[in-house]
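Read off the chains here:
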Amino acid sequence: MRQLIFVILLTLVNFTIAFGQDTYLEKGNTYLNNNEFDKAEQTFSDGIKANPTNLIYQCQLGLSLVKQKRFSDAEKIFVEVLAIDSIDVAAIWYSGIGNFYAEQDKQAISRFEKALTLLNKESGQYYSANWFIGTCYSNLLKKDGLTYAETERMFECYEEYLKLQPNAKDAEKIKEYVERKKKRRPSSNVLRWIDR
């Protein structure tokens, strides 16, 4: 009888913990969807207190910080998650987004390149990653310049995006950009090309 009661209690505790986890995720994501980012942050922080090893809560907390433009705080969380699970797609993706909006183009490229190796080519994130990489390289071309290989990668990513999203609103603009830059690109013996 004692064993039966213990098993029932253990099952109830596990059910309560699982239910509580789903509640944090559902509630926090609802706040994110409603642009209530401070409430999402608090909800995911509470979830982490209840379950410190839950990487989903940590990623969602990081996302809520990205949405509040607290990029360095968010990046610390993503780095911690990736130290535990180096292929956590959510952490890689959200870190890429945060770095993109923080204008940390080289870091964003690194994250999105990693994401490309993990994403299904049929997913919306796959073509978006190509867009982000191309755009980051385009930003760097204006500021720091690009090597010949980096310029080639920018073209590859934009062309992949155009192949996957031929009817996107920005497709014609990107196509014209790629054609114009290909005509202007110097030869491969130029170490770094800056083009505003």
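To be clear, the structure that these remarks concern was listed above.
Right, let's walk through the structure included here. (Residues numbered from 1 in each chain as written. Predicted model: local features only at pLDDT ≥ 70, side-chain atom pairs only at ≥ 80, totals over all residues. Heavy atoms only, no water.)

## What to know about the packing of helix α5 (residues 89–101) against helix α7 (residues 124–143)
Here's step 1: α7 packs onto α5 with a crossing angle of 30° between their chain directions and a minimal axis gap of 11 Å. Relative to α7, the element α5 lies roughly parallel. Of the two elements, α5 crosses α7, and the hand of that crossing is left-handed. Contacts from W93, I97 and F100 in α5 reach Q125, S128, A129, W131, F132, T135, C136 and N139 in α7.
Here's step 2: When the residues that make up the contact of α5 with α7 are grouped by side-chain class, the tally is seven nonpolar, four polar and no charged. (Axes fitted to C-alpha atoms, helices over the stretch in contact; angles between N-to-C directions. Helix = DSSP H or I, 4+ residues; strand = E, 2+ residues; numbered from the N terminus. Parallel < 35°, antiparallel > 145°, perpendicular 65-115°, else oblique. Left-handed = near helix turned anticlockwise from the far one by under 90°. Contact = heavy atoms within 4.5 Å. Nonpolar A, V, L, I, M, F, W, Y, C, P; charged D, E, K, R; others polar.)

## Some thoughts on the nonpolar core
Here's step 1: Ranked by internal contacts, the top residues of the largest apolar core, which has 51 residues, are W93, F112, I133, Y137 and M154.
Here's step 2: Breaking this core down by element, the ones donating at least two residues are α2 (37–50), α3 (55–67), α4 (71–84), α5, α6 (105–118), α7, α8 (148–164) and α9 (171–184).
Here's step 3: Here this core gets eight residues from one element, more than from any other, and that element is α7.
Here's step 4: Ignoring any residue separated from it by four or fewer positions in sequence, one finds M154 in contact with G134, Y137, S138, L141, L146 and Y177. (Core = buried A, V, L, I, M, F, W, Y, C linked by side-chain atoms within 4.5 Å. Buried < 20%, exposed > 50% of the residue type's maximum accessible area, 1.4 Å probe, protein only.)

## Notes on the pattern of salt bridges
Here's step 1: For the coordinates displayed, the defined rule picks out 13 salt bridges.
Here's step 2: Residues R153 and E113 are paired through a salt bridge, measuring 2.8 Å at the closest nitrogen-oxygen approach. You can see R153 sitting in helix α8 and its partner E113 sitting in helix α6, a full 40 residues away along the chain.
Here's step 3: In this structure, the salt-bridge partner of E156 is R153, at a minimum N-O distance of 3.1 Å. With E156 and R153 both in helix α8, this residue pair falls three residues apart, about one helical turn.
Here's step 4: Among the residues examined, R153 registers a relative accessible area of 22% and is labelled partly exposed.
Here's step 5: Overlapping salt bridges, with partners in common, bring together E41, R70 and D73 in one network. (Salt bridge = Lys/Arg side-chain N within 4 Å of Asp/Glu carboxyl O.)

## Remarks on the environment of L146
Here's step 1: Inspection of the secondary structure puts L146 in the loop between α7 and α8.
Here's step 2: Overall, L146 belongs to the buried group, its relative accessible area being 1%.
Here's step 3: It is 5.2 Å that separates the C-alpha atoms of L146 and W193, two residues lying 47 residues apart in sequence.
Here's step 4: Here L146 is in contact with Y137, L140, L141, T151, M154, L191, R192 and W193, once residues within four sequence places are set aside.

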